[in-house]
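Tertiary structure, described
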Amino acid sequence: MAAEQMFYYEFPGGAVQERVTSEASPQHPADATLLTEDEYNSKRQAVEAALEQNQADIQAQETARKKAAYDALVAGGFDTGVAQTLSGYTPPQPMR
């Protein structure tokens, strides 16, 4: 039995993957580029940072959408409590 080997891959869409195998002659994915451990770690960190930024962007868009609905409801004469319930938006509380 061969010793375990670690391989690192990058796929055309930018996804990265690590693989541990004890196969003597492992088959690598045809569409993947073989990476060093340092390249893999760098690309993985970049992917994670991009995902975090994407999540932050989505959250900001959702908050903006809720605020716009809240503002429209208040402008339409709804009580602020009702507007909060309907829009899902909670305006910031004033500092005391």
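With that out of the way, let us pick up the overall build of the protein. Assigned secondary structure in the protein consists of two helices and three strands. Reading the secondary structure of the protein in the N-to-C direction produces β-β-β-α-α. Computed over the C-alpha atoms, the radius of gyration of the protein is 24 Å, more than 25% above the 12 Å expected from 2.2 N^0.38 for a compact globule of 96 residues. Over its C-alpha atoms, taken along the principal directions, the protein stretches across nearly 75 × 30 × 20 Å. Expressed as a percentage of its 96 residues, the buried residues of the protein come to 16%. When the accessible surface of the protein is totalled, it reaches about 7200 Å², and 53% of it is carbon and sulfur.

Let us look at helix α1 (residues 37-75). The end-to-end C-alpha distance of α1, which contains 39 residues, comes to 56 Å, matching closely the 57 Å that a straight helix rising 1.5 Å per residue would cover. Taken as a whole, α1 has its buried residues at Tyr40, Tyr70 and Leu73. Two residues or fewer after α1 comes Gly77, characterised by a positive phi angle close to 100 degrees.

Bringing the environment of Glu62 into the picture now. Secondary-structure assignment places Glu62 in helix α1. In this structure, the C-alpha to C-alpha distance between Glu62 and Gly88, residues 26 residues apart in sequence, is 10.0 Å.

Scored by pLDDT, the protein has a mean of 94; 98% of the residues are at 70 or more. When pLDDT is averaged over each element of the protein, α1 comes out on top at 97 and strand β2 (residues 16-21) at the bottom at 95.

Relative to β2, strand β1 (residues 5-10) runs antiparallel, the two sharing six bridges. In the sheet register, Glu10 faces β2, and the bridge partner there is Val16. Connecting β1 to the antiparallel partner β2 that follows it, the hairpin turn spans five residues, and Gly14 within it adopts a positive phi of roughly 100 degrees.

Interhelical geometry of α1 versus helix α2 (residues 80-87) gives an angle of 145 degrees and a closest axis separation of 9 Å. Between α1 and α2 lies a crossing of right-handed hand. Mapping the contact onto sequence places Lys66, Ala69, Tyr70, Leu73 and Val74 in α1 and Thr80, Ala83, Gln84, Leu86 and Ser87 in α2.

A sheet is described by the order of its strands in space; here three strands give the open sequence β2-β1-β3, paired in antiparallel fashion. Every other strand in the sheet has two partners, leaving β2 and β3 (33-35) as the edge strands with one partner each. For this sheet, the mean inter-axis angle between neighbouring strands, taken without regard to orientation, is 35 degrees.

What counts and what doesn't
- Residues numbered from 1 in each chain as written.
- Predicted model: local features only at pLDDT ≥ 70, side-chain atom pairs only at ≥ 80, totals over all residues.
- Heavy atoms only, no water.
- Helix = DSSP H or I, 4+ residues; strand = E, 2+ residues; numbered from the N terminus.
- Rg over C-alpha atoms; globule rule 2.2 N^0.38 Å.
- Buried < 20%, exposed > 50% of the residue type's maximum accessible area, 1.4 Å probe, protein only.
- Areas by Shrake-Rupley, 256 points an atom, 1.4 Å probe, with all protein chains shown as cover.
- Expected span 1.5 Å × (residues − 1).
- pLDDT = per-residue confidence, 0-100.
- Pairing = 2+ DSSP bridges.
- Axes fitted to C-alpha atoms, helices over the stretch in contact; angles between N-to-C directions.
- Left-handed = near helix turned anticlockwise from the far one by under 90°.
- Contact = heavy atoms within 4.5 Å.

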